[in-house]
Amino acid sequence: MPATDTETLPRAVNAWFRANARELPWREPQCSAWGILVSEFMLQQTPVARVLPQWHAWLERWPTPAALASVPPGEAVRAWNRLGYPRRALWLHACAVAITEKHGGVVPADVDELLALPGIGPYTARAVAAFAYGVRVPVVDTNVRRVLARAVGGQAEPGPPSATRDLAAMSAVLPLDEDEARVFNAGAMELGAIVCTARAPRCGDCPLASVCSWRLAGYPAYDGPRRAVQKKYEGSDRHVRGLIMRELRAAHMPVTDAELSALWPDEAQFGRALAGLLADGLAVREGAGYVLP
DNA sequence: TATACGTGGCT
DNA sequence: TAGCCAAGTAT
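Since the model is a prediction, treat every value here as computed from it, not as a measurement.

*Asks:* With reference to specific residues and values, describe the packing of aromatic side chains.
*Replies:* Throughout the structure, instances matching the rule amount to 4 aromatic pairs. Consider the rings of tryptophan 58 and tryptophan 62, whose centres lie 4.7 Å apart with planes at 70°: the pair is edge-to-face. Judged by its relative accessible area of 3%, tryptophan 62 is buried. Joined through ring pairs, the aromatic side chains of Trp58, Trp62 and Trp80 make up one cluster.

Have a look at this one:
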């Protein structure tokens, strides 16, 4: 029988999670809310394995929001190194400043207050509230969307993201008990991350195998709208931005136009990339060249 | 709602 | 090899 009631899923997922959760530093009970916030920024579109060493270094250097807020944003961008999407470093720094100035240096526990901070959207706000403070709110990321689409919806893949629909779907199965809700939020994400994966799901290891609607229906293929294919990175504007940022991070004095433009042969494309970085605040003009902010 | 935004590992 | 994929956010 498929898991149509609201107790089967959390019971199975939570038992599985309590026995199989990866030991990650931001899941340790003594981890600070700041440590959890930092992990959520780093984990946006980035695999755990690449985040781990960066997270340790970051927390050692800046153990509190105030510590990060006390240095220029460029230091955050430099320390971010090659984690990707360097705007996240800028936003995390801006977040630290806002927390220091408007929240007395304490990471807020309220979803709406978190949402008002730079770089924090619907997922991160709820993740911080739930995992750092135990607040009972639905946390929905790409893993949760996939788990619910399969186990409950009987579909191979979730449809296009819709905050309203996705939060409602999670709310419908979220335990009333605060602690069970926190574990279910984390457990559903973990299940999607290591068992109910996008490709080659390991149904043999899944605690929901016997109740999964998708499996019970015989694994019907997905027939909904396909997600747009990711553009090729090689030769893209993003590629050029990445090259420029790598140069700026390595430099400790202004990098000249000539030095930067030598990175890419297509002048027009290079100009677009540099202008974009300036507009984003990831690079600033200084004297004869460019530096991190 | 669709698109831009890094980087690297895996198949 | 080329493409797919990874705990999203902002516009």
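*Asks:* Give me the lowdown on the nonpolar core, citing residues and values where you can.
*Replies:* In this structure, Trp34 and Trp58 are the most contacted members of the largest nonpolar core, which totals 83 residues. Once residues lying within four places of it in the same chain are set aside, the contact partners of tryptophan 58 are Trp34, Val38, Met42, Leu68, Ala76, Ala79, Trp80 and Leu92.

*Asks:* Residues and numbers for the protein's contact with DNA strand C, please.
*Replies:* Close to DNA strand C lie 27 residues, the nearest being Leu43, Gly119, Gly121, Thr124 and Asn143. Near-protein atoms of DNA strand C (within 4 Å) split between backbone and bases, with sugar and phosphate holding 62%. Note that a base nitrogen of DNA strand C is positioned 2.9 Å from one of the side-chain N or O atoms of tryptophan 26. Contact distances for DNA strand C include 2.9 Å between a base nitrogen and a side-chain N or O atom of glutamine 230. Those elements that provide at least two residues to the surface near DNA strand C are helix H2 (33-43), helix H8 (122-133), helix H9 (142-151) and helix H11 (178-194). Of the residues that constitute the surface near DNA strand C, the class distribution is 12 nonpolar, 8 polar and 7 charged.

*Asks:* Describe the domain arrangement of chain A, and please don't skip the residues or the numbers.
*Replies:* If you check the domain split of chain A, you get domain 1 (8-20 + 138-216), domain 2 (25-133) and domain 3 (237-285). Averaged C-alpha coordinates put domain 1 and domain 2 at centres separated by 25 Å. On the domain 2 side, the residues contacting the 11 residues of domain 1 number 6 residues. With both sides pooled, the region where domain 1 packs onto domain 2 buries about 730 Å², and carbon together with sulfur makes up 68% of that total. For the interface between domain 1 and domain 2, the tally reads 1 salt bridge.

*Asks:* So what about the protein's contact with DNA strand B? Which residues, and what values?
*Replies:* Lining the immediate surroundings of DNA strand B are 18 residues, of which Arg50, Pro86, Lys231, Arg238 and Arg241 lie closest. For DNA strand B, the backbone makes up 60% of the atoms found within 4 Å of the protein, where backbone means sugar plus phosphate. Elements with a contribution of two residues or more to the surface near DNA strand B: helix H6 (87-102) and helix H13 (237-250). The element contributing the most residues to the surface near DNA strand B is H13, with 5 residues. Each residue belonging to the surface near DNA strand B can be placed in one class, and the counts come to 4 nonpolar, 5 polar and 9 charged.

*Asks:* Describe the packing of helix H1 (residues 8-20) against H11, naming the residues involved and giving the relevant values.
*Replies:* The contact between H1 and H11 brings their axes to 8 Å, and the two run at 75°. When the interaxial angle is binned, H1 and H11 end up roughly perpendicular. Across the interface between the two elements, Leu9, Pro10, Val13, Asn14, Trp16, Phe17, Arg18 and Asn20 of H1 pack against Asp179, Glu180, Val183, Phe184, Ala186, Gly187, Ala188, Glu190, Leu191 and Ile194 of H11. Looking at side-chain class alone, the contact of H1 with H11 contains 11 nonpolar, 3 polar and 4 charged residues.

*Asks:* Describe unusual backbone geometry, naming the residues involved and giving the relevant values.
*Replies:* Backbone geometry at tyrosine 85 places phi at a positive 45°, although glycine is not the residue there. With respect to the helices and strands, tyrosine 85 occurs in the loop between helix H5 (73-80) and H6. Judged by relative accessible area, which is 43%, tyrosine 85 ranks as partly exposed. Its identity is not glycine, yet alanine 200 carries a phi of approximately 50°, on the positive side. One can find alanine 200 in the loop between H11 and helix H12 (213-216).

*Asks:* Please provide a residue-by-residue account of the state of the cysteines, values included.
*Replies:* Tallied over the full model, the rule gives 0 disulfides. Note on cysteine 31: no disulfide assigned, nearest cysteine sulfur contributed by cysteine 95 at a separation of 15 Å. You can call cysteine 31 buried: its relative accessible area is 16%. Just so you know, cysteine 203 is unpaired, no disulfide at all, and the nearest cysteine sulfur is the one on cysteine 206, 6.4 Å from it.

Cut-offs used in this document
- Just so you know, the residues in each chain are numbered from 1, in the order the chain's sequence is written.
- Chain A is the first chain written and ligand 1 is the first ligand written, with later ones labelled in order.
- The model is predicted, so local features are restricted to residues of pLDDT at least 70 and side-chain atom pairs to those at 80 or more, both for listing and for counting; the totals for chains, interfaces and linings are taken over all residues.
- Only hydrogens and water are set aside when side-chain values are computed; all heavy atoms of the structure are taken into account.
- Aromatic pairing here means that ring centres of Phe, Tyr or Trp (its six-membered ring) are within 6.5 Å. Orientation follows from the plane angle: under 30 degrees is stacked, over 60 is edge-to-face, and everything else is tilted.
- To sort residues, take the accessible area from a 1.4 Å probe on protein chains only and compare it with the maximum for the residue type: under 20% means buried, over 50% means exposed, and anything in between is partly exposed.
- Residues enter a nonpolar core if they are buried and are Ala, Val, Leu, Ile, Met, Phe, Trp, Tyr or Cys, with the set joined through side-chain atoms within 4.5 Å.
- Contacts are assigned to residue pairs that have any heavy atoms within 4.5 Å of one another.
- In this text, near means that some heavy atom of the residue lies within 4 Å of the molecule or strand in question.
- Under this definition, polar contacts are N or O atom pairs within 3.5 Å; protein pairs additionally need one hydrogen-donor-capable and one acceptor-capable atom, and for neighbouring residues in sequence, both atoms have to be side-chain atoms.
- Going along the chain from the N terminus, every DSSP run of H or I of four or more residues is numbered as a helix, and every run of E of two or more is numbered as a strand.
- Residue polarity follows a fixed list, in which Ala, Val, Leu, Ile, Met, Phe, Trp, Tyr, Cys and Pro are nonpolar, Asp, Glu, Lys and Arg are charged, and the others, Gly among them, are polar.
- For the domain bounds, the source is a domain assignment made automatically or taken from a database.
- For any pair of parts, buried area is found by adding up, for both, the accessible area (1.4 Å probe) each one loses once the two are put together.
- A pair is scored as a salt bridge if a Lys or Arg side-chain nitrogen falls within 4 Å of a carboxyl oxygen belonging to Asp or Glu.
- Angular values range over 0 to 180 degrees, each being the angle between N-to-C directions of two axes fitted as lines to C-alpha atoms, with helices fitted over their stretch in contact.
- Geometric relationships in this document are graded by angle, where less than 35 degrees denotes roughly parallel, more than 145 denotes roughly antiparallel, 65 to 115 denotes roughly perpendicular, and other angles denote oblique.
- The disulfide criterion is simple: two cysteine sulfur atoms within 2.5 Å.

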